[in-house]
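Residue strings, one per chain:
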Amino acid sequence: MNIHKRKSSKGTVSYQVKVRKSGLPPQIATFKTKHEAKAWGTQIEAQMITGQYVDVTKKHSLTYILQCYLKNATGNLTKGSVDNYTGVVSRVEEYFGNTRIDRIGYNQFMAYFEWRASTLKPSSVGREQGVIFTMLRKCETLPLVDNNRINILPRLGDMLREGLKLDGASERPVHRVRRVADFEWELLMSSQMKQNAARARLEKFKLCCEFAIETCMREGEIAALQRPDIDSKKGTIKIRKSKTDRHQKIKGRVIPLSKRAKEIILQLPPRLDGSLFGYRNAAAISSKWGRESKKLGLVDLHFHDFRHEGISQLFDLGWGIEQVAAVSGHTDWKSLAIYTHLNVGKLNTKLSEAPQAKMQAL
């Protein structure tokens, strides 16, 4: 490590530090004080010696930088976030290849998002924008980022976000409002398969769909459910890990079992792995639903809509917000309102009965 004192024509003093190691490109940075220069150089030398050094300079591509961030941030991300971020990096690599970061600006990113919009809904494109913004802004936390890169990467993320706001490309998505129609449910429940093995798999999946409505559970929660999590005596299910755990002090939640949910559990044979339905993860359930819904010709109906339907049915029954939230796992009314689609017919019936009830009370 070499530190050189420099003096500009205006008399400003700075200190340039150079760190060299065989097999790696030299690293050069400039600081206002000798103390800062020495501290930076010592840190870089230590990282090079221990193998923790990550080289990020102008010659490196956007893909490389995002891959470095993902590699170093994996321990701080959930498995779902890692899968999501990995997918985004793969698509960035597919589009940009090895294009250098200093050759990518706002217009290039807009072209990328337009390319993604050709196959995705606006809400999905918006989520992908958020992931890229986050990764660009946090790239300064890499073990080594060239002094110029520390300033450029976050600024690029800010520039993209502000530019997209001006263009109206990052507006908040309209939340999905969807309930399961009676004919859709009847079509699913009446579906049949000829082969015995296929018939057994279909029947199990139909029970899974019904279980999602009865318990208002998410795909991932259903996939992770184990037999020991079910308390038949108390009539409850222990959901050990939930999407909203990070917003609460307690991990998971306990929900009551309806009569029909208990019947479904009794119909399912025990499995060697201890799981209830035998689906490996949420993606396995979503993939299975994609195939079945396509066969049945069900349009724009997602497996997650069964959770919507279950929550809405609880409100139809007159449950309060706190009661529904205890089952669904939502932490506030704003997020719970997304899933609440009251049955207008039943609501009209309640309103018409209300005056009669008041007269009887008098």
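Residues numbered from 1 in each chain as written. Predicted model: local features only at pLDDT ≥ 70, side-chain atom pairs only at ≥ 80, totals over all residues. Heavy atoms only, no water.

1. Brief notes about the packing of helix H4 (residues 106-117) against helix H5 (residues 122-138)
Inference 1: Orientation of H4 relative to H5, taken along the N-to-C sense of each, is 145°, at an axis distance of 10 Å. H4 and H5 meet at a crossing whose hand is right-handed. Across from Phe109, Tyr112, Phe113, Arg116 and Ala117 in H4, the residues of H5 making contact are Val125, Glu128, Gln129, Ile132 and Leu136.
Inference 2: Class assignment for the residues of the contact of H4 with H5 results in seven nonpolar, one polar and two charged. (Axes fitted to C-alpha atoms, helices over the stretch in contact; angles between N-to-C directions. Helix = DSSP H or I, 4+ residues; strand = E, 2+ residues; numbered from the N terminus. Left-handed = near helix turned anticlockwise from the far one by under 90°. Contact = heavy atoms within 4.5 Å. Nonpolar A, V, L, I, M, F, W, Y, C, P; charged D, E, K, R; others polar.)

2. A look at the side chain of Thr63
Inference 1: Examined against the element boundaries, Thr63 turns out to sit in helix H2 (residues 62-73).
Inference 2: You can call Thr63 buried: its relative accessible area is 3%. (Buried < 20%, exposed > 50% of the residue type's maximum accessible area, 1.4 Å probe, protein only.)

3. Here's the deal with the nonpolar core
Inference 1: Counting 39 residues, the largest nonpolar core has Phe211, Ile237, Phe277, Trp289, Phe303 and Phe306 as the members making the most contacts within it.
Inference 2: When contributions to this core are tallied by element, the ones reaching two or more residues are helix H8 (196-215), helix H9 (219-224), strand E5 (236-239), helix H10 (259-267), helix H11 (282-296), helix H12 (304-316) and helix H13 (321-328).
Inference 3: Examining the composition of this core, we find that seven residues originate from one element, H8, more than from any other.
Inference 4: With near-sequence residues (within four places) excluded, Phe277 lies in contact with Lys204, Leu207, Cys208, Phe211, Ile222, Ile264, Leu268 and Arg271. (Core = buried A, V, L, I, M, F, W, Y, C linked by side-chain atoms within 4.5 Å.)

4. Topic: the confidence of the model for the protein chain
Inference 1: The predicted model of the protein chain has a mean per-residue pLDDT of 79, with 77% of residues at 70 or higher.
Inference 2: Every residue in residues 144-150 is under pLDDT 50, and counting partners more than four places away or in other chains gives 22 contacts.
Inference 3: Counting interchain partners and residues more than four positions distant, the pLDDT-below-50 stretch residues 354-362 has zero contacts. (pLDDT = per-residue confidence, 0-100.)

5. Topic: the packing of aromatic side chains
Inference 1: Within the structure shown, the criterion is met by 15 aromatic pairs.
Inference 2: Between Tyr95 and Tyr112, the aromatic rings sit 5.4 Å apart at their centres with planes inclined by 70°, giving edge-to-face as the arrangement. Taken together, the positions of Tyr95 in helix H3 (residues 79-96) and Tyr112 in helix H4 put the pair 17 residues apart, joining distant regions of the chain.
Inference 3: Residue class for Tyr112 comes out buried when judged on its relative accessible area of 0%.
Inference 4: Put simply, the rings of Tyr95, Phe96, Phe109, Tyr112, Phe113 and Trp115 pair up and form one aromatic cluster.
Inference 5: Note that Lys204 overlies the ring of Tyr279, its terminal NZ or CZ placed 4.5 Å from the centroid.
Inference 6: Taking the ring centre of Phe205 as reference, the NZ or CZ of Lys288 above it sits at 6.0 Å. (Phe/Tyr/Trp six-rings, centres within 6.5 Å; stacked < 30°, edge-to-face > 60°. Lys NZ or Arg CZ within 6 Å of the ring centre and 35° of its normal.)

6. Overview of the pattern of salt bridges
Any two side chains of opposite charge can pair, so long as their charged atoms come close to each other.
Inference 1: Tallied over the entire structure, the rule returns 15 salt bridges.
Inference 2: The shortest N-O distance in the salt bridge between Lys288 and Glu292 comes to 3.1 Å. With Lys288 and Glu292 both in helix H11, this residue pair falls four residues apart, about one helical turn. Each of the two residues, Lys288 as well as Glu292, counts as buried.
Inference 3: The partner of Glu292 in a salt bridge is Lys295, and the shortest N-O contact between them spans 3.9 Å. Here Glu292 pairs with Lys295, and both are found in helix H11, just three residues apart, close to one helical turn. (Salt bridge = Lys/Arg side-chain N within 4 Å of Asp/Glu carboxyl O.)

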